[in-house]
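What follows is each chain in one-letter form.
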Amino acid sequence: MQEMKYTIKKGSGKMRILILTGFFLVIAFSYQLLIFLQVHDFVYQFPGDWDKPMGIIVGLFLIFRSLKFTKESKDLFIEIDEEYLVYRTNELEAKHKIPLMNIERIYKEKGKICLVTKDLITMNVVDLDEVRLVDETKNLIKKSLMDLNTK
C-alpha cells in the first residue's frame, strides 16, 4: 500500500482577497486623509467628512478578519500509510492516529466520512461539504478512505 497524504486548505483565497483589500483601503484612505490635512493645515472638523477615517477602519477590520482564514488553513490533513490513519480536520484538535487494524468500517453520511472503531467509537474524519477542494481531490480522498473497508 502506498502512502497517501492530502492537505486540506480552507479559505486561503478569501484570506488573500481580504488582506489585499484591507491594505488597499488603509493606504488609499490614509493618503487621502494626509493630503486633506496638509491642504487644511492639519485642521479636521468633526462632524464632517467621515469617509476617510471610516475607510481606514474598514481596511483594518478586513485585515484582522483575514486572520480567521489564516488559522483555518493550518495543517488540516489526512494521511494513510501502511499501519495508521492520521487525520486532523480542525486546527484546534490534536492529530488523531488510528491503527488500521482498529478500524471496523468507514461509511459516508451526506458529505461527512465517518469511521467506527472496533470499540464501537464513531468519529468524523472529514466533512467534504465544508472544505474547499477540487471535486477530483474530494473523490480521491473519499475513495482512499472507503478502500480501507476492504483491508
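Once a new chain begins, its residue numbering starts again from 1 and follows that chain's sequence as written. Local features in this predicted model are restricted to residues whose pLDDT is 70 or higher, and side-chain atom pairs enter the listing and the counts only when it is 80 or higher, whereas totals over whole chains, interfaces and linings include all residues. Here the side-chain values reflect all heavy atoms present in the structure, with hydrogen atoms and water set aside.

So, the sheet that holds strand β7 (residues 122-127)
Then, number 1: The strand order across the open sheet formed by 3 strands is β5-β6-β7, and the pairing between neighbours is antiparallel. At either end of the open sheet lies a strand with only one pairing partner, and these are β5 (103-109) and β7. Shown here is a sheet whose adjacent strand axes are inclined to one another by a mean of 25°, direction ignored.
Then, number 2: For β5 and strand β6 (residues 112-117), the ladder comprises 6 bridges, and the chain directions are antiparallel. Within β6, the position partnered with E109 by the bridge is K112.
Then, number 3: Contacts were defined at the residue level, with two residues in contact if any of their heavy atoms lie within 4.5 Å. Orientation is described by lines fitted to C-alpha atoms, with helices fitted over the stretch in contact, and by angles between N-to-C directions that extend from 0 to 180 degrees. Helical segments are the DSSP runs of H or I of at least four residues, strand segments are the runs of E of at least two, and each set is numbered from the N terminus. Across the face of the sheet, helix α3 (residues 135-146) comes into contact with β5, β6 and β7 while running at roughly 150° to β5. Any two strands between which DSSP finds at least two bridges are classified as paired.

Brief notes about the environment of K142
Then, number 1: Inspection of the secondary structure assignment puts K142 in helix α3.
Then, number 2: Taking C-alpha positions, K142 is 9.7 Å from Y107, a pair spaced 35 residues apart along the chain.

What to know about the packing of aromatic side chains
Then, number 1: Two rings belonging to Phe, Tyr or Trp (six-membered ring only in the last case) form a pair when the distance between their centres is within 6.5 Å. Interplanar angles under 30 degrees mark stacking, angles over 60 mark edge-to-face geometry, and anything in between is tilted. Following the criterion strictly, the structure yields 0 aromatic pairs and no others.
Then, number 2: Note that K52 overlies the ring of F36, its terminal NZ or CZ placed 5.1 Å from the centroid.
Then, number 3: By the criterion adopted, a ring carries a charge over it if an Arg CZ or a Lys NZ lies within 6 Å of its centre and within 35 degrees of its normal. Above the ring of Y84, the side-chain terminus of K97 is found at 4.5 Å from the ring centroid.

A few points about the side chain of S66
Then, number 1: Positionally, S66 belongs in helix α2 (residues 51-72).
Then, number 2: Not counting residues up to four positions away in its chain, the partners in contact with S66 are M15, L18 and I19.

Some remarks on the nonpolar core
Then, number 1: In plain words, nonpolar cores are sets of buried Ala, Val, Leu, Ile, Met, Phe, Trp, Tyr and Cys residues tied together by side-chain atoms within 4.5 Å. Buried means the residue's accessible area, taken with a 1.4 Å probe over protein chains only, is under 20% of the maximum for its type, while exposed means over 50%, and partly exposed covers the values in between. Residues I78, L85, L145 and L148 are the most contacted members of the largest nonpolar core, which totals 16 residues.
Then, number 2: Of all the elements in the fold, those that place two or more residues in this core are β2 (76-80), β3 (84-88), β5, β6, β7 and α3.
Then, number 3: Of all hydrophobic cores here, the second largest spans 7 residues; its members include L18, L25, F29 and I56.

Here we look at the pattern of salt bridges
Then, number 1: Criterion for a salt bridge: a side-chain nitrogen of Lys or Arg within 4 Å of a carboxyl oxygen of Asp or Glu. A full pass over the atoms with the stated rule returns 1 salt bridge.
Then, number 2: Two residues, K52 and D51, come together in a salt bridge whose shortest N-O distance is 3.6 Å.
Then, number 3: K52 sits in the buried class, given a relative accessible area of 10%.
Then, number 4: For D51, a relative accessible area of 36% puts it in the partly exposed group.

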